[in-house]
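Close look at the chain arrangement
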Amino acid sequence: LSNALMMTALGAGSIAGPLIGRLLVHWLAGNGTPVPGDFGPALAVFASLSLLGAGLILILGEYRFSGEGARLESRVAQKAGALRESLALLRYPKYIVLVIALSLLGGPVFQATNVYRPYRARDPQIGLIVGAQDHGWAALEVTGYVMQLLGGLLVGFLAGKKASGWTAALLLGCFSLFGLGIGLAPNAVMLFAFSALFEVARQFMRWVQTGYVSE
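Quantities reported herein were computed from a predicted structural model and do not represent experimental measurements.

**Quick look at the environment of glycine 106**
- Within the secondary structure, glycine 106 sits in the loop between helix H5 (93-104) and helix H6 (107-122).
- Note: C-alpha distance between glycine 106 and leucine 172 (66 residues apart in sequence) is 7.7 Å.

**What to know about the packing of aromatic side chains**
- According to the stated counting rule, one finds three aromatic pairs in the structure shown.
- On the numbers, 4.8 Å between centres and 20° between planes, the contact of phenylalanine 39 with tyrosine 116 is stacked. With a gap of 77 residues between them, phenylalanine 39 in the loop between helix H1 (2-29) and helix H2 (40-60) and tyrosine 116 in helix H6 connect regions that are remote in the sequence.
- Assessed through its relative accessible area of 22%, phenylalanine 39 is described here as partly exposed.
- Between phenylalanine 175 and phenylalanine 198, the aromatic rings sit 4.7 Å apart at their centres with planes inclined by 25°, giving stacked as the arrangement. Taken as a pair, phenylalanine 175 in helix H8 (residues 165-184) and phenylalanine 198 in helix H9 (residues 188-214) lie far apart in primary sequence, 23 residues in all.
- Using a relative accessible area of 0% as the deciding quantity, one classes phenylalanine 175 as buried.
- Aromatic rings pair up to connect Phe39, Tyr116 and Tyr119 into one cluster.

**Section: the layout of surface pockets**
- Size it by volume and the second largest pocket reaches roughly 480 Å³.
- Along the wall of the second largest pocket there are 19 residues; nearest its centre are Gly21, Arg22, Val25, Phe39 and Val115.
- Those elements that provide at least two residues to the lining of the second largest pocket are H1, H2 and H6.
- A total of seven residues in the lining of the second largest pocket trace back to one element, the largest contributor, which is H1.
- For the lining of the second largest pocket, the per-class residue count stands at twelve nonpolar, six polar and one charged.

**Details of the nonpolar core**
- In this structure, Ile57, Leu102 and Tyr212 are the most contacted members of the largest nonpolar core, which totals 47 residues.
- Listed by contribution, the elements that provide at least two residues to this core are H1, H2, H5, H6, helix H7 (137-155), H8 and H9.
- Top contributing element to this core by residue count: H9, with twelve residues.
- In this structure isoleucine 57 touches Leu98, Ala101, Leu102, Gly165, Ala168, Ala169 and Leu172, once residues within four positions along its chain are discounted.

Criteria and cut-off values
Residues numbered from 1 in each chain as written. Predicted model: local features only at pLDDT ≥ 70, side-chain atom pairs only at ≥ 80, totals over all residues. Heavy atoms only, no water. Helix = DSSP H or I, 4+ residues; strand = E, 2+ residues; numbered from the N terminus. Phe/Tyr/Trp six-rings, centres within 6.5 Å; stacked < 30°, edge-to-face > 60°. Buried < 20%, exposed > 50% of the residue type's maximum accessible area, 1.4 Å probe, protein only. 1 Å grid on protein atoms, 1.4 Å probe; cavity = no way out; pocket = protein on both sides within 12 Å on 5 of 7 lines; lining within 4 Å. Points joined across faces, edges and corners; volume = space filled by probe spheres on them. Nonpolar A, V, L, I, M, F, W, Y, C, P; charged D, E, K, R; others polar. Core = buried A, V, L, I, M, F, W, Y, C linked by side-chain atoms within 4.5 Å. Contact = heavy atoms within 4.5 Å.

Here's what the structure looks like:
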């Protein structure tokens with residue numbers, strides 16, 4: 001149930017992100033056609049929300065069993081299959097904040113980057129896509145998959161080691177800033193660099209939203 005709620009919240013954030021982003025871009029563009037500069041504030045809003053989530057993780061600290069938490073663990077262990085006992089998780093404030101911080105606020109950054117990066121590649125100062133011609137877009141995509149592979153391997157250094165709340169907050173903050181860097185990159189080289197870092201951070205975020213919360 002824990003992971004199911006996290007993934008549901010991630011989906012909700014990923015749906016809300018593009019819709020809110022479209023409204024922000026439309027508002028900034030007025031009645032005209034949006035220009036690259038109109039997208040920056042929307043990405044900044046999403047990055048700020050994720051950084052707020054990182055702050056929530058730090059304020060509450062990492063999970064510790066004590067008092068009611070220990071009693072809840074005991075009850076769930078005795079009746080592992082009971083839905084009523086599983087739903088008791090929703091009464092635990094720190095878990096609710098983790099859902100909000102890591103998924104509901106992190107989802108828009110995932111989707112904003114997926115949707116917006118092709119538009120950035122078409123910007124004249126980037127030039128990875130010119131008309132219908134590929135001038136480096138495929139290379140950018142392949143680089144992203146390679147970095148995801150690297151990120152998956154690096155996750156192994158954290159998995160199972162009871163990472164602290166500081167680690168989760170740092171990963172969420174880096175993930176948000178790398179996404180913002182994609183939106184603000186002034187040239188193709190910087191777009192490649194921020195995209196590569198973002199894809200590594202993406203794998204860590206996937207782990208944070210599942211493995212870290214489970215631990």
